[in-house]
Amino acid sequence: MPLMEALEKMRHGRLVPFDVPGHKHGKGNPQLTEFLGERCLSVDVNSMKPLDNLCHPTSVIKEAEELAAEAFGAAYAFFMVGGTTSAVQAMILASVQRGEEIILPRNVHQSVINALVLCGATPVYINPQMDKKLGIALGMSVDEVKTTMEAHPRAKAILVNNPTYYGICSDIKQITRIAHEKGLRVLADEAHGTHFYFGKDMPLSAMAAGADLAAVSMHKSGGSLTQSALLLCGGGVNPNDVRKIINLTQTTSGSYLLLSSLDISRRNLALWGMETFEKVKKFAGYAREEINAIGDYYAYANDLINGNSVFDFDTTKLSVNTLGLGLAGIEVYDLLRDEYDIQIEFGDLGNILAYISVGDKNKNIERLISALGEIRRIYKKESKAALDLAYITPTVVISPQEAFYGEKVSLPLAECEGRVCAEFVMCYPPGIPLLAPGERMNTQNIAYIQYAKEKGCVLTGPESMDISRLNVWKGEENG
Amino acid sequence: MDDLWYSEYHTPNVKFSLKVSTQLHHEVSEYQKISVFDSPEFGRFLTLDGIMMLTQRDEFIYHEMMTHPAMAVNPEAKKVLVIGAGDGGVLRELGKYSGIEKIDVVEIDERVVGVCKEFLPQTACGFDDPRVALHFQDGLKFVRHTEQTYDLIIVDSTDPFGPGEVLFTKEFYGNCYRALSEKGILINQHESPFYQEDAKAMKSAHKRISHVFPISFVYQAHIPTYPSGHWLFGLASKTLYPLEDTGAEKWNALGIKTKYYNTELHHGAFALPTYVKELLSDE
């Protein structure tokens, strides 16, 4: 662990700090030191010769990045300190620019469309098949990918969720093959896929599939600190080009707490990743079986696999559909927290997701299962939620950048039909856009926003905090 | 001469110590550290993760108070579920009732039973009763799965920090409610009201039970080796009240032999000190 070792060495060297940070190994901020611990503050230092420099690594950071690349089977790996968001944005900014097109599934993370606001490229959405019963977006079918590529010869890249928040994988190997034949770059959002690189019998990882770039949330299943991530490069990408893009927006004071957590977690994964994720899979499998035995809940996994829009499933995920109870996922999510002191990852309109990891214990899994049983006993409604969660095909009129920076006017939500939206509307979690800048709104969009608001989802994005109004593009008014 | 003492921190600032004559056993099971000591004053005693569970000298108080108050409220109880109770003390007390037909015991740690059978026959004799069926399982999982209906559920748990934690949750109490008959009663050890940390656990347990059961009361006993010596128990039920529905004559007619419990004490036990009443009503 080159980075951890360099930090240890620095600490033992009792270096006299006349550089930033000003807390000087914590001594200048006793309250913070007391709260976070002296060891933690003693390695919160700035880049210096023995510790290398994240913007231009030549020694220990470079070594640590090379070790990470080896562990993940990548040609190069960048340590990222701005969240997986920064990795997603860097891979998009490194691959498409203004006037070019990028093919995306609609259920991308908001960071993807944010990147398009920055670079000016136009999204071409692939309809992710919807599972009507579950109300979730699935993966991209290979046929749909082919058709879209043929219809959009100007597209320079395609982005693949590997997997989605719910654990669903597209056929990334086939998609990569087709994309490469047509000269498109393949970018993978692996925010939820770190374990694919280490577990046994896991869905295929992006690097193994031959993808060009992959954004990996090490802090999710990989065990590193929040906000640390990896950007992996395949063999066909020049890492120096990517580094230039990363340095456009990355801090010049990369946190050594985050960097060392990446280094240490990489080693843990390489040594014990396989057994760790076997355990996680066992936990999730057991919970699924027990939750399905309760009745009315549907904890899904491999049974969704259809060889197409659900090519594979990540069985470490515990996604549970709640509509059989007559309750929205978000309602079950709230009940678990408010009544049973159990915090899960998210609840959407029809599903909940409990994040299972190596940190879990049998007794906590038992608590979750039992609490779900109790919620059914006490809160079940006879009327099944009659929610038609149809896929709303986005109509992209202008690029997100043009809409975002264009002249706009604020309208009450109900009057927005037919107008081009100039801002994001996100349903959080899972942080996937209902509307992105540049899209024409219809009655379906508006009804969905109203429904999500009623059910207590947190809607974010617009200037108007309660989403009673939206900014729309003014550009069409005279035309 | 050896000067061996067993000590337990009742709070970070209060230490409780017993002179130890010899350590009889120590092992680390899948769930916890199990030790048995012998002492001049309290006889043999069992500790789990360094916390006193029972001593030969005063265990009768705890085990009688976990059992007889509920049996006096509903002497007709036939099917009983006991969760925890790896030492067998509650089973020994239940064994005194000829009307009981079945006693299911769910203990997560098989080794606790093994150690008690070897070193603490005074309580482990409870396992010899032919009505007792032992299940080595997670207590929450057992009640969640059970299709049985019980007249009495006794939760003889460790503290709510450690393996016993799940037995203090709302989901556990809710599953108990589901598994109880119309006249069913839930008894649980309720920690102590005296020291702040214990009192917090006591309050939250009571609050959760009150949300699940329409009737829920707290009663007390005096147990020398537990923190502060003042210990609480919870009695929750669907329809029966602990005082109004107690048939003292009926219970006395059973001729059950006890050392601590009697039907006058039953009434007194539910009369709580003012500060405890305030703690319980303060939500």
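Residues numbered from 1 in each chain as written. Chains lettered and ligands numbered in written order. Predicted model: local features only at pLDDT ≥ 70, side-chain atom pairs only at ≥ 80, totals over all residues.

1. Describing the overall build of chain B
A count of helices and strands for chain B gives 10 helices and 13 strands. In terms of overall dimensions, chain B is globule-like: its C-alpha atoms have a radius of gyration of 18 Å, near the 19 Å expected for 283 residues. Put simply, chain B has 283 residues, and 49% of those count as buried. Of the contacts made within chain B by residues no fewer than 6 positions apart, 66% connect residues no fewer than 24 positions apart. (Helix = DSSP H or I, 4+ residues; strand = E, 2+ residues; numbered from the N terminus. Rg over C-alpha atoms; globule rule 2.2 N^0.38 Å. Buried ≥ 20, exposed ≤ 12 C-beta atoms within 10 Å, placed from the backbone. Contact = placed C-beta atoms within 7 Å.)

2. Considerations on the sheet that holds strand β11 (residues 180–189) of chain B
Residue and element names in this part refer to chain B. One open sheet holds the seven strands; their spatial order is β9-β8-β7-β10-β11-β13-β12, and the pairing between them is mixed. On the outer flanks of this sheet lie β9 (132–136) and β12 (215–222), each paired with one strand and no other. Ignoring strand direction, the axes of neighbouring strands in this sheet form an average angle of 15°. Together, β12 and β13 (230–237) form the strand contacts of helix α7 (residues 196–212), whose direction differs from that of β13 by roughly 10°. (Pairing = 2+ DSSP bridges. Axes fitted to C-alpha atoms, helices over the stretch in contact; angles between N-to-C directions.)

3. Focus on the sheet that holds strand β14 (residues 346–347) of chain A
Residue and element names in this part refer to chain A. Pairing is antiparallel in the open sheet, where four strands are placed in the order β11-β13-β15-β14. The sheet is open, and its two edges are formed by β11 (298–300) and β14, each paired on a single side. Where β11 and strand β13 (residues 318–321) come together, three bridges link them in antiparallel fashion. In the strand pairing of β13, Ala299 is matched with Val320.

4. Comments concerning the interface of chain A and chain B
The partner chain B presents 13 residues to the 12 residues of chain A that form the contact. Of all elements in the fold, only α12 (329–340) and α13 (362–379) of chain A reach the threshold of two or more residues within the side of chain A that touches chain B. Taken together, the residues of the side of chain A that touches chain B sort by class into three nonpolar, three polar and six charged. (Nonpolar A, V, L, I, M, F, W, Y, C, P; charged D, E, K, R; others polar.)

5. Quick look at the pairing of strand β5 (residues 43–48) of chain B
Residue and element names in this part refer to chain B. Note: strand β4 (residues 33–39) against β5, six bridges, orientation antiparallel. Residue pairing in the sheet places Ile34 in a bridge with Leu48 of β5. Between β5 and the antiparallel strand that follows it, strand β6 (residues 51–55), lie two residues; Asp49 among them carries a positive phi value of about 50°.

6. Re the domain arrangement of chain A
All names here are of chain A. The domain architecture assigned to chain A consists of domain 1 (2–269), domain 2 (274–379) and domain 3 (395–473). Each partner contributes to the interface: domain 1 provides 12 residues, whereas domain 3 provides 13 residues. Elements that contribute at least two residues to the side of domain 1 that touches domain 3 include exactly α6 (110–119) and β3 (122–126). Sorting elements by how many residues they give to the side of domain 1 that touches domain 3 places α6 first, with four residues. Classifying every residue of the side of domain 1 that touches domain 3 gives seven nonpolar, five polar and no charged. (Domains from an automatic or database assignment.)

7. Thoughts on the domain arrangement of chain B
All names here are of chain B. Along its sequence, chain B is organised into domain 1 (5–55) and domain 2 (59–281). Computed from C-alpha atoms alone, the centre-to-centre distance between domain 1 and domain 2 is 23 Å. Contacts between the two partners involve 20 residues from domain 1 and, on the opposite side, 22 residues from domain 2. Of all the secondary structure elements, the ones that give two or more residues to the side of domain 1 that touches domain 2 are β1 (5–11), β3 (22–28), β4, β5 and β6. The element best represented in the side of domain 1 that touches domain 2 is β6, accounting for five residues. For the side of domain 1 that touches domain 2, a count of residues per class yields 11 nonpolar, six polar and three charged.

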